[in-house]
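Single-letter residue listing:
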Amino acid sequence: MTKIAYSTTATATGGRDGRARTTDGSFEVALATPKELGGTGMGNNPEQLFASGYAACFLGAMKYVAAQGSHAKVPADASVTATVGIGPRADKGFGLTVTLEISLPGLSEAESEALIAEADTICPYSHAVRGNIEVQLKTA
């Protein structure tokens with residue numbers, strides 16, 4: 001069991017065409033099924049929220065790794081762009097894919113690869129999806 005240092009709670013109503021909000025009221029979003037999946041696209045969808053969370057979390061993991069002193073410092077203009085895809089699975093239901101495109105301006109390829117590899121071992125999103133979702137890590 002993971003020792004919990006922080007937790008948050010959110011409630012969704014209406015499914016993909018509804019609303020979601022955190023219990024503390026700091027975040028609220030209108031949800032809509034993407035046009036590509038037969039919806040209106042007039043709101044955000046779970047894949048967008050997942051992509052945003054994974055990108056932010058992975059960048060945070062790189063900063064944490066760098067702060068430990070064994071890797072290059074993360075540049076101020078670093079970014080992580082997450083692309084999340086959804087589609088039908090061969091066996092049943094739907095599945096996701098993720099591509100993280102990581103930009104670390106000013107770092108060498110070797111420094112970038114080492115930092116990214118270490119961040120992937122500590123990022124909680126990476127832990128959650130490992131073995132369940134195809135994830136590609138790319139340097140920009």
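Keep in mind the model is a prediction, meaning the values are calculated, not measured. (Residues numbered from 1 in each chain as written. Predicted model: local features only at pLDDT ≥ 70, side-chain atom pairs only at ≥ 80, totals over all residues. Heavy atoms only, no water.)

Engineer: Can you tell me about a nonpolar patch on the surface, naming the residues and giving the values?
Structural biologist: There is a patch of nonpolar side chains on the surface, built from Leu37, Ile86 and Phe94 and spanning about 280 Å² of accessible area. Here Leu37 is to be found in the loop between β3 (28-30) and α1 (46-67). (Patch = residues over 30% accessible without salt bridge, like charges linked within 9 Å, V, L, I, M, F, W, Y side chains within 5 Å. Areas by Shrake-Rupley, 256 points an atom, 1.4 Å probe, with all protein chains shown as cover. Salt bridge = Lys/Arg side-chain N within 4 Å of Asp/Glu carboxyl O. Helix = DSSP H or I, 4+ residues; strand = E, 2+ residues; numbered from the N terminus.)

Engineer: Outline the domain arrangement of the protein, supporting the account with residue identities and numerical values.
Structural biologist: One can read the domain layout of the protein as domain 1 (1-44) and domain 2 (46-139). The C-alpha-based centres of domain 1 and domain 2 are spaced at 21 Å. The interface of domain 1 with domain 2 comprises seven residues on the first partner and five residues on the second. For the pair domain 1 and domain 2, the summed buried surface comes to about 510 Å²; carbon and sulfur atoms form 64% of the total. The interface formed by domain 1 and domain 2 includes one salt bridge. (Domains from an automatic or database assignment. Contact = heavy atoms within 4.5 Å. Buried area = accessible area lost by both parts, 1.4 Å probe.)

Engineer: Could you give me a rundown of the nonpolar core, with the residues and numbers involved?
Structural biologist: Formed by 27 residues in total, the largest nonpolar core has its most connected members in Phe58, Met62 and Leu104. At the level of secondary structure, the elements contributing two or more residues to this core comprise α1, β4 (79-88), β5 (94-103) and α2 (109-122). Looking at which element gives the most residues to this core, the answer is α1, with 10 residues. When near neighbours in sequence (up to four residues on either side) are disregarded, Met62 contacts Val74, Val80, Ile102, Leu104, Leu115, Ile116 and Ala119. (Core = buried A, V, L, I, M, F, W, Y, C linked by side-chain atoms within 4.5 Å. Buried < 20%, exposed > 50% of the residue type's maximum accessible area, 1.4 Å probe, protein only.)

Engineer: Quick rundown of the sheet that holds β5? Include the residues and the values.
Structural biologist: Strand order in this open sheet of three strands is β4-β5-β6, and the pairing throughout is mixed. Each edge of the open sheet carries a strand with a single partner, namely β4 and β6 (134-139). The mean angle between the axes of side-by-side strands here comes to 15 degrees, regardless of whether they run parallel or antiparallel. In this structure, β4 lies alongside β5, joined through 10 bridges in antiparallel fashion. Counterpart to Thr83 in the pairing with β5 is Thr99. Here α1 sits on the sheet and contacts β4, β5 and β6; the angle it forms with β4, its principal contact strand, is near 145 degrees. (Pairing = 2+ DSSP bridges. Axes fitted to C-alpha atoms, helices over the stretch in contact; angles between N-to-C directions.)

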